[in-house]
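Observations on the three-dimensional arrangement
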Amino acid sequence: MRSTIRRAEREARRAGKPRVRPLRAIGTVAAVGALIAGVAFPAYAAIQSDTEAVTIHDVAAGEAQSLVVASEVESPELTGSSYAATTPEEIAKAEAERAAAERAKEQAEAAKAAAAAAAKAQSSSASVASAPSVASAAAPVFNGSFGSPLPGGSYYISRSVGGAHQGTDMVSPAGTPIYAVASGSVVTAGYSGAYGNLVTFVGNVNGSSVEVRNAHMSSIAVSPGQTVSAGQIIGYVGTTGRSTANHLHIEVRINGGLVDPVNVLPI
């Protein structure tokens, strides 16, 4: 009986003690360690990332992103050729180069205009110089009362007074000098419709009033109100007005009456 009671007490004490199983204990320890590592390592990594060294480039980048430039110191927009300028000195240099390029362009245009004006002036001078000189022309012929309007041998007569034609047409090369057939005062010197460039002067020949009209001139050498002498150049042969060829159309009126120039002039 007593032995039975002791056996029961030993079994009760054995049942109250926890049974330790080695494999299960090892698994439990490993799980607890993984849990601790899973929490502790990320926290440590976070702490370490907060304490990483910061370089000067990182500071500069942060300052550049947070920089605010006041409107009064903002740089003007640059042209495409100066897009790389960043510092105030580079921007000022780019602006100076742009201004210099604009000035060079303006100077080139001014030089071009001046050259065109000079060429035009030279052309005008050449035209004036091309007019026949007095020295190269033959002297006019006189018959005692009138002189010839063109140099001898420089013309031929294509027609004279007849029908509606009131003068004599003397065909001659362009630019041939035209002489005053008598002394007098210039009344008309300019363009006049069908006459083209016209010079009209009046004078007194042997006590008679004389009016002479010289038409179709290429250019005029006298002006209204000017006094001319017989044999003086008053213009040059041309084909202005109602004309189909270079020639001088000359009309002569004596005491108001129309006369045929062939009958009174030495032509």
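So, here's what we can say about the structure.

Quick notes on the rules
Residues numbered from 1 in each chain as written. Predicted model: local features only at pLDDT ≥ 70, side-chain atom pairs only at ≥ 80, totals over all residues. Heavy atoms only, no water. Core = buried A, V, L, I, M, F, W, Y, C linked by side-chain atoms within 4.5 Å. Buried < 20%, exposed > 50% of the residue type's maximum accessible area, 1.4 Å probe, protein only. Helix = DSSP H or I, 4+ residues; strand = E, 2+ residues; numbered from the N terminus. Pairing = 2+ DSSP bridges.

1. Details of the nonpolar core
- One finds Phe146, Phe201 and Ile234 to be the most contacted residues of the largest nonpolar core, which totals 23 residues.
- Breaking this core down by element, the ones donating at least two residues are strand S5 (197–205), strand S6 (208–220), strand S8 (233–237) and strand S9 (247–254).

2. A look at the pairing of strand S4 (residues 184–191)
- Where S4 and strand S7 (residues 227–228) come together, 2 bridges link them in antiparallel fashion. Along S7, the bridge assignment pairs Ser185 with Thr227.
- Of the strand pairs in this sheet, S4 and S5 are connected by 6 bridges, and their pairing is antiparallel. Looking at S5, one finds that Gly190 is bridged to Leu198.
- Taking the residues that link successive antiparallel strands as the turn, the S4-S5 hairpin has 5 residues, and the phi of Gly193 there is positive, at about 50°.

3. Side note on the environment of Tyr179
- Looking at the secondary structure, you find Tyr179 in strand S3 (residues 177–179).
- Exposure remark for Tyr179: the relative accessible area of 3% places this residue in the buried category.
- Put simply, Tyr179 and Ala139 are 40 residues apart on the chain and 9.3 Å apart in space, counted from C-alpha to C-alpha.

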